[in-house]
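Take a look at the letters that make up each chain.
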Amino acid sequence: MSQRLVNWFKFASPASFYPLAGKMWPWFAAIGTVLAAAGLWISFFVAPTDFQQGEGYRIIFIHVPASWMSMFIYCVMAFWAAIGITFNTRLSGMMSSALAPTGALFAFLSLWTGALWGKPMWGAWWVWDARLTSELILFFLYIGYIALTAAIDDPRRADKAGAIISLVGVVNVPIIYFSVKWWNTLHQGASVSLTKAPSMAATMLWGMLIMALAFWMYSIAIALYRVRAIILERERHTAWVAELPEMQR
Amino acid sequence: MNWGSAGEFFAMGGYGLYVWGSFGVTAAALLIEVVLVRQRFSAVRRSLRRELAADRDTQD
């Protein structure tokens, strides 16, 4: 047990995480590309036409995965925030700031695809419904995190402030998730649930799950790539950075 | 197979604007993110290499 703990902390050092991230991201990118190709094929060529919404429902194949990612990435940021505050590890703050732009992007895409789905089906791009409003708040929390950490010059202090906004803001995630149960919303209820059979055709469900996995792989790959840039930016005056093979003539 | 022709595929049963607007913007956003992250990485690597090269020159 203690052996494993020591190993984990080894990778909490930017100097050992930097090459590891460099080795890992191409794998996640490759798996993500394959999954996206399979998911798009199912989305357009395998999944049948919906009996109520016609072809318009196909937006689900990116809307639901993007929404899940936007919520999940925020939870991961809160996890790194908790680790950073508890163990005072430098890498945690770097991981949080590497994830924030991707999370903000998925929150935006969730709202964007939702608007493009809402217009033909509900007749409105936007309504002040509990689900939509709480997702908009999530988007603002991401923007708030990015703006706050960018406004503080000392990266370690910026990490602390960012950690607080992540930990406080994470209460919004269950609010988004349960909003369709707690309030009367125009937005439909959960399409997939752990406790009961999904309310859709199996091929639709598979398409959605494969697209969700593709977005996962994409998010991991891009966050690992971005964290490498952040590590170099913050550790630029260290000896290990100067000794990296890519820094030699 | 759901589609009789390419035209039918792009029309998406009348929902073309909404479906392609969703998939198109998502694809574009992810591509732009990849480009920006690559630029950020190569910018810091370039400036570090220049800095280290300058250090070596002054030491010689």
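Residues numbered from 1 in each chain as written. Chains lettered and ligands numbered in written order. Predicted model: local features only at pLDDT ≥ 70, side-chain atom pairs only at ≥ 80, totals over all residues.

Section: the interface of chain B and chain A
Rules: Think of it this way: build a C-beta for each residue from its backbone, and any pair within 7 Å is a contact. We call Asp, Glu, Lys and Arg charged. Ala, Val, Leu, Ile, Met, Phe, Trp, Tyr, Cys and Pro are nonpolar, and the rest, Gly among them, are polar.
With 25 residues of chain B at the interface, the matching set in chain A holds 34 residues. Counted by class, the side of chain B that touches chain A contains 16 nonpolar, 5 polar and 4 charged residues.

Quick notes on the environment of A78(A)
All names here are of chain A. Counted only if it meets this: For helices the rule is a DSSP run of H or I covering at least 4 residues; for strands it is a run of E covering at least 2, with both sets numbered from the N terminus onward.
Position of A78 among the secondary structure elements: in helix 3 (residues 60-87). Between the C-alpha atom of A78 and that of S166, which follows or precedes it by 88 residues, the distance is 5.0 Å. With residues near it in sequence (within four places) discarded, A78 still touches S166, L167 and V170.

A short note on the packing of helix 4 (residues 90-122) of chain A against helix 5 (residues 130-151) of chain A
Residue and element names in this part refer to chain A. Heads up, the condition is: Angles run from 0 to 180 degrees between N-to-C directions of axes, and those axes are lines fitted to C-alpha atoms, restricted for helices to the stretch in contact. Roughly parallel means an angle under 35 degrees; roughly antiparallel, over 145; roughly perpendicular, 65 to 115; everything else is oblique. Handedness of a helix crossing follows the sense of rotation of the near helix relative to the far helix, less than a right angle counterclockwise being left-handed and clockwise being right-handed.
Where helix 4 meets helix 5, the axes come as close as 9 Å, and the angle between the chain directions of the two elements is 150°. For the element pair helix 4 / helix 5, the angle class is roughly antiparallel. Handedness of the helix 4/helix 5 crossing: left-handed. Taken together, the residues of helix 5 that come into contact with helix 4 (itself represented by S97, A100, P101, G103, A104, A107, F108, S110, L111 and G114) are L132, E135, L136, L138, F139, Y142, I143, Y145, I146 and T149. For the contact of helix 4 with helix 5, the class distribution of residues is 14 nonpolar, 5 polar and 1 charged.

Focus on the confidence of the model for chain A
Here is the rule we go by: Each residue gets a pLDDT score, which is the predictor's confidence in that residue and runs from 0 to 100.
Across chain A, the average pLDDT comes to 90, with 93% of residues at or above 70. Per-residue pLDDT, averaged within each element of chain A, yields its smallest value for helix 1 (residues 2-10) of chain A (61) and its largest for helix 5 of chain A (96).

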